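# Fold and geometry: a report
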Amino acid sequence: MFSEKITLAVTGASGSGYFLSLLQALVDNNCQIYLLLSDAAKIVLKTEVNEDWPTEIEILNLFLQKRFNSKEKQIIALGSKDWFSPVASGSSAPKKMVICPCSCGTFASIAQGLSNNLIERAADVIFKERGLLIITPRETPFSTLHLRNMLTLSELGVTVMPLAPGFYHQPQSIADLQDFMVARLLDHLKIEHKISKRWCE
């Protein structure tokens, strides 16, 4: 029914537009998405794009289906302590996970192997199952501690992709800048797309 399964986590870093564009692109490419939202992510959504998402999981899932025009159970939102969800176990979790945007606190916890919430646990599962984990930090400047944590993750095989769009495609809008990064993420997820021009196209 779905082309593949992907875990998409969203934390409290700035950059809600990137997440919204990525989620829509995954839906459009017929992926099934396990969506993990931190409490801070919901606050940032409200602040940056004025979207007030439901807190109750059942209502949230119905809201997401309408908001992104997705199939039934194509987007599955999970609670932060839903330890019985597929993403919490190596026997059933997707092999690919993106954290977009990824706060410095989240990737610090992941680098230390903590599993205090479902986002951290899902990332830990990706590690032990040798899957693909992409984190997209959105912070400036990076402190020495931030850089050390990113180096630790990179050495463990994590793709560290800061949300830093290019300009060679001559963007005309904020959406164009967001799509540039979404295109790069889809490339690394090995999902075909025509969202943004490539170099020299």
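Note on numbering: residues in each chain are counted from 1, in written sequence order. Restriction of local features to residues with pLDDT of at least 70 applies here, the model being predicted, together with a cutoff of 80 or more for giving and counting side-chain atom pairs; totals for whole chains, interfaces and linings are based on all residues. Excluding hydrogens and water, the side-chain values take into account all heavy atoms of the structure.

## Thoughts on the sheet that holds strand S4 (residues 96–102)
In this description, strands pair whenever DSSP reports at least two bridges between them. Elements are defined by DSSP. Helices are runs of H or I of four residues or more, strands are runs of E of two residues or more, and each kind is numbered from the N terminus. An order of S3-S2-S1-S4-S5-S6 is seen for the six strands of this open sheet, with the pairing classed as parallel. Bordering the open sheet on either side are strand S3 (75–78) and strand S6 (159–160), each of which pairs with just one other strand. In terms of strand pairing, strand S1 (residues 4–10) meets S4 through three bridges, oriented parallel. Following the sheet pairing, leucine 8 is matched in S4 by valine 98. Contact definition: two residues touch when any of their heavy atoms are within 4.5 Å. Every axis corresponds to a line fitted to the C-alpha atoms, with the helix fit spanning only the stretch in contact, and the corresponding angles, defined between N-to-C directions, vary from 0 to 180 degrees. Running at roughly 155 degrees to strand S2 (residues 31–37), helix H1 (residues 16–28) makes contact with S1, S2, S3 and S4 of the sheet.

## Considerations on the environment of proline 165
Summarising the element assignment, proline 165 is placed in the loop between S6 and helix H7 (174–188). With a 1.4 Å probe rolled over the protein chains alone, any residue whose accessible area is under 20% of its type maximum counts as buried; one over 50% counts as exposed, and the rest are partly exposed. Under the relative-accessibility criterion, proline 165 is labelled buried at 18%. Discounting chain neighbours no more than four positions away, the residues touching proline 165 are Tyr18, Leu177, Phe180 and Met181.

## Quick look at the nonpolar core
Membership of the largest hydrophobic core comes to 35 residues, with the highest contact counts inside it found for Leu8, Phe19, Leu22, Leu23, Leu26, Leu35 and Trp53. Sorting the residues of this core by element identifies S1, H1, S2, helix H2 (39–49), helix H3 (57–67), S3, S4 and H7 as the ones contributing at least two each. By residue number, the principal contributor to this core is H1, which donates eight residues. Setting aside anything within four residues of it in sequence, one finds leucine 8 in contact with Phe19, Leu22, Leu23, Leu26, Ile33, Tyr34, Leu35, Leu36, Val98 and Cys100. Throughout this description, the term nonpolar core refers to a set of buried Ala, Val, Leu, Ile, Met, Phe, Trp, Tyr and Cys residues connected via side-chain atoms within 4.5 Å. Counting residues in hydrophobic clusters, the runner-up holds 24 residues, among them Val87, Ile99, Phe107 and Phe127.

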